[in-house]
Amino acid sequence: AFSKKNVIRGLHFKTSNKQTKFIHVIKGRILDVIVNLNKRSRQFGKVNRYYLDEGDTLVVPNKYAHGYECLSKTCTVLYHLDNYRNIRGENGIFYKDKDLNIKWTTKKPIISKRDKLSKSFILFKKSIKTLWRVRVTIMAVIKNIINFFF
C-alpha cells in the first residue's frame, strides 16, 4: 500500500477467512494500531499502538482490527497475509471511534470513503452478540435432530 502523510487506513478486520497479517514498512514511518476483537479475551477492545520505521515488521493476529497512519512524506507498506482475501468478509471499525479513543497524531486526517462509513465499536460488539446467539441456536437445533434420530 502506498500512502502520503496524514493518510489513515483502517481499522480493518475479517469476519470470515480471518487473516493473520505481517505488516512490513518498506519506506517511511507509520503509527500502527491494532484492536483486540476476540470477545473471549480479557484484553477485548484493548488498543495497542506501535511506531514502525523502514525495515520494521509487525505481526497482527487474526482476531484483531488493524489500521495505520502515515507519518512521513510518503509510506510504502507491504502486507503478507496467511489466508486468501474474501471481499465478503471485509469489515471495519470507525478510525475515530469514541469508545476506542485512539490517539492518532494528525489533526487533518485523509480518510477513504470506505473507512469513513465504518461502524462503531458498540455496533461491532452488538453484531458479535447476535452471531453468538445464532450459533447457539443452530447448535441446539442440531442437538435436537441428533437426539430425535438416535
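Read on for a plain summary of the structure.

Rules used throughout
Residues numbered from 1 in each chain as written. Predicted model: local features only at pLDDT ≥ 70, side-chain atom pairs only at ≥ 80, totals over all residues. Heavy atoms only, no water. Salt bridge = Lys/Arg side-chain N within 4 Å of Asp/Glu carboxyl O. Helix = DSSP H or I, 4+ residues; strand = E, 2+ residues; numbered from the N terminus. Buried < 20%, exposed > 50% of the residue type's maximum accessible area, 1.4 Å probe, protein only. Pairing = 2+ DSSP bridges. Disulfide = S-S within 2.5 Å. Phe/Tyr/Trp six-rings, centres within 6.5 Å; stacked < 30°, edge-to-face > 60°. Polar contact = N/O pair within 3.5 Å; in protein donor to acceptor, adjacent residues only side chain to side chain. Contact = heavy atoms within 4.5 Å.

### Observations concerning the pattern of salt bridges
- Here the structure, examined in full by the defined rule, presents three salt bridges.
- The partner of Asp 53 in a salt bridge is Arg 29, with the nearest N and O atoms 2.7 Å apart. Here Asp 53 is found in strand S5 (residues 47-53), whereas its partner Arg 29 is found in strand S4 (residues 29-36), with 24 residues between them in sequence.
- Accessibility expressed as a relative area gives 35% for Arg 29, which makes it partly exposed.
- One continuous salt-bridge network, built from bridges that share partners, spans Lys 14, Glu 90 and Arg 114.

### Digging into the pairing of strand S2 (residues 7-14)
- Of all eight residues making up S2, seven are buried, and the element is well covered by its neighbours.
- Bridging between S2 and strand S10 (residues 110-111) involves two bridges; their strand directions are parallel. Paired with Val 7 across the bridge in S10 is Ile 110.
- With four bridges connecting them, S2 and strand S7 (residues 64-70) associate as antiparallel partners. Paired with Arg 9 across the strands is Tyr 68, a residue of S7.

### A word on the state of the cysteines
- Per the counting criterion, the structure on display carries one disulfide.
- Across a sulfur-sulfur distance of 2.3 Å, Cys 70 and Cys 75 are joined as a disulfide pair. Its torsion about the S-S bond being 90 degrees, the disulfide of Cys 70 and Cys 75 is classed as right-handed. With respect to class, Cys 70 is no different from Cys 75; both count as buried.

### Some remarks on the packing of aromatic side chains
- Taken as a whole and assessed by the stated rule, the structure comprises five aromatic pairs.
- Judged by centre distance (5.5 Å) and plane angle (35 degrees), the rings of Phe 44 and Phe 121 are tilted. Of this pair, Phe 44 sits in the loop between S4 and S5 while Phe 121 is found in helix H2 (residues 121-149), placing the two residues 77 residues apart along the sequence.
- Judged by its relative accessible area of 5%, Phe 121 falls in the buried class.
- With a centroid separation of 6.0 Å and an interplanar angle of 25 degrees, the aromatic rings of Phe 121 and Phe 124 are classed as stacked. Placement of both Phe 121 and Phe 124 in helix H2 is noted, with a separation of three residues, approximately one turn of the helix.
- Overall, the relative accessible area of 5% leaves Phe 124 in the buried class.
- One aromatic cluster in this structure is built from Phe 13, Phe 44, Phe 121 and Phe 124.

### So, the side chain of His 66
- Summarising the element assignment, His 66 is placed in strand S7.
- At 2.9 Å, the side chain of His 66 and the side chain of Asp 32 are in polar contact.
- Not counting residues within four places of it along the chain, the set of residues in contact with His 66 comprises Arg 9, Gly 10, Leu 11, His 12, Lys 21, Ile 23, Asp 32, Val 33, Ile 34, Val 60 and Tyr 79.

### Considering the pairing of strand S6 (residues 57-60)
- The two faces of S6 differ: Leu 58 and Val 60 on one face are buried, but Thr 57 and Val 59 on the other face are not.
- Judged from the four bridges that link them, strand S3 (residues 21-27) and S6 form a sheet pairing that is antiparallel. Bridge pairing in S6 places His 24 opposite Thr 57.

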